[in-house]
Amino acid sequence: MGLSAERLAADLAALAAIEPAFARGLAAAGHPPPRQRARGHETLLRTIVGQQVSVASADAMWRRLVAAGLTVPDAIAAASDEALRAAGLSRQKGGYARHLSEQVTSGAIELSALPEDDEAAIAALTRIKGIGRWSAEIYLLFAEGRGDIWPAGDLAVQIEIGILLGLEARPSEKLTRTLAEPWRPYRGAAAVFAWHHYGHRLSGRGGDKAPV
């Protein structure tokens, strides 16, 4: 699901009409690529795998999990701690992966039927060990395509919103949330563009720095 190129283009056009800073940013950096991930266990597991490691390390770890057949809930729930560690998961990440799998297999969380209210969906996801607010927001934005998700705690989002709006300093999470209130219901597109603009500014080639 997620945010298609067409959806992003439409939402960014509406956003640019509300806030001219985005119109200027789009003229400089162009449009971001679509952000689409599969709904369900695998995307959340990849989020856990990628926490606090480089993209390269996360990719290598994921390949080991795939090779070991440890990317589906039943297999992870049945795997020993040693098997998870052999696939590259630390003790903590192994515990998170096991808890996620148990929550899914037991039906404690239905990833295909999360609450329609965004805050309620975030609350449901953050009951999973290892899934904090940021991870829940990224999942809802990229896997469910919820267009008004606003990950204001993301450092790159804070930096780029400050730059786009011409602020003297990086805004706090609280201020980043306040600044985005007039952008409803297009805040998800604002976040995706902030990551895109961040990559463009650092690389000069429009590199996409969006997470996951």
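These remarks concern the structure in this document. (Residues numbered from 1 in each chain as written. Predicted model: local features only at pLDDT ≥ 70, side-chain atom pairs only at ≥ 80, totals over all residues. Heavy atoms only, no water.)

1. What to know about helix H7 (residues 91–106)
Here comes step 1: When the terminal C-alpha atoms of H7 are compared, their 22 Å separation across 16 residues agrees well with the 22 Å that a helix rising 1.5 Å per residue should span.
Here comes step 2: Lining the buried residues of H7 we find helix H3 (41–49), helix H4 (55–67), helix H5 (73–78) and helix H6 (81–86).
Here comes step 3: At the C-terminal side of H7, Gly107 shows a positive phi close to 85 degrees. (Helix = DSSP H or I, 4+ residues; strand = E, 2+ residues; numbered from the N terminus. Expected span 1.5 Å × (residues − 1). Contact = heavy atoms within 4.5 Å.)

2. Here we look at the environment of Leu164
Here comes step 1: Structurally, Leu164 can be placed in helix H10 (residues 155–164).
Here comes step 2: Setting aside residues no more than four positions away along its own chain, Leu164 makes contact with Ala21, Phe22, Arg24, Gly25, Phe193 and His197.

3. As for helix H8 (residues 118–125)
Here comes step 1: Three or more residues of H8 are buried, namely Ala121, Ile122, Ala124 and Leu125. Buried residues of H8, viewed axially, fall in a sector of 160 degrees; they line one side.
Here comes step 2: Two or three places before Glu119, at the start of H8, stands the capping residue Asp117, its side-chain oxygen 3.2 Å from that residue's backbone nitrogen. (Buried < 20%, exposed > 50% of the residue type's maximum accessible area, 1.4 Å probe, protein only. Arc of directions from axis to C-beta. Polar contact = N/O pair within 3.5 Å; in protein donor to acceptor, adjacent residues only side chain to side chain.)

4. Structural notes on the pattern of salt bridges
Here comes step 1: Under the defined criterion, the tally for this structure stands at 16 salt bridges.
Here comes step 2: Arg98 is the partner of Asp81 in a salt bridge, and the nearest nitrogen-oxygen pair spans 2.8 Å. Taken together, the residues Asp81 in helix H6 and Arg98 in helix H7 connect sequence positions 17 residues apart.
Here comes step 3: Assessed through its relative accessible area of 44%, Asp81 is described here as partly exposed.
Here comes step 4: Salt-bridge contacts for Arg177 lead to Glu137; the nearest nitrogen and oxygen are separated by 3.6 Å. Of this pair, Arg177 sits in helix H11 (residues 173–179) while Glu137 sits in helix H9 (residues 133–142), placing them 40 residues apart in sequence. (Salt bridge = Lys/Arg side-chain N within 4 Å of Asp/Glu carboxyl O.)

5. Side note on the packing of H3 against H4
Here comes step 1: Where H3 contacts H4, the two axes come as close as 9 Å, and the packing angle between them is 130 degrees. Relative to H4, the element H3 lies oblique. For the pair H3 and H4, the sense of crossing is right-handed. Residues Glu42, Leu45, Arg46 and Val49 of H3 touch H4, and the partners they reach there are Ala58, Asp59, Met61, Trp62 and Leu65.
Here comes step 2: Here the residues of the contact of H3 with H4 are counted per class, giving 6 nonpolar, no polar and 3 charged. (Axes fitted to C-alpha atoms, helices over the stretch in contact; angles between N-to-C directions. Parallel < 35°, antiparallel > 145°, perpendicular 65-115°, else oblique. Left-handed = near helix turned anticlockwise from the far one by under 90°. Nonpolar A, V, L, I, M, F, W, Y, C, P; charged D, E, K, R; others polar.)

6. Some words on the packing of aromatic side chains
Here comes step 1: Applying the stated criterion across every chain yields a total of 4 aromatic pairs.
Here comes step 2: On the basis of an interplanar angle of 90 degrees and a centroid distance of 4.9 Å, the ring pair of Phe22 and Trp183 is categorised as edge-to-face. Of this pair, Phe22 sits in helix H2 (residues 20–29) while Trp183 sits in the loop between H11 and helix H12 (187–203), and the two are 161 residues apart along the sequence.
Here comes step 3: Among the residues examined, Trp183 registers a relative accessible area of 2% and is labelled buried.
Here comes step 4: Ring geometry for Phe142 against Trp195: centres 5.8 Å apart, planes inclined by 65 degrees, an arrangement best described as edge-to-face. With Phe142 in helix H9 and Trp195 in helix H12, this residue pair connects regions lying 53 residues apart in the sequence.
Here comes step 5: For Phe142, a relative accessible area of 2% gives the class buried.
Here comes step 6: Ring pairing ties together the aromatic residues Phe22, Trp150, Trp183 and Phe193, which thus form one cluster.
Here comes step 7: Positioned above the aromatic ring of Phe142, the side-chain terminus of Arg35 is 4.9 Å from the ring centre. (Phe/Tyr/Trp six-rings, centres within 6.5 Å; stacked < 30°, edge-to-face > 60°. Lys NZ or Arg CZ within 6 Å of the ring centre and 35° of its normal.)

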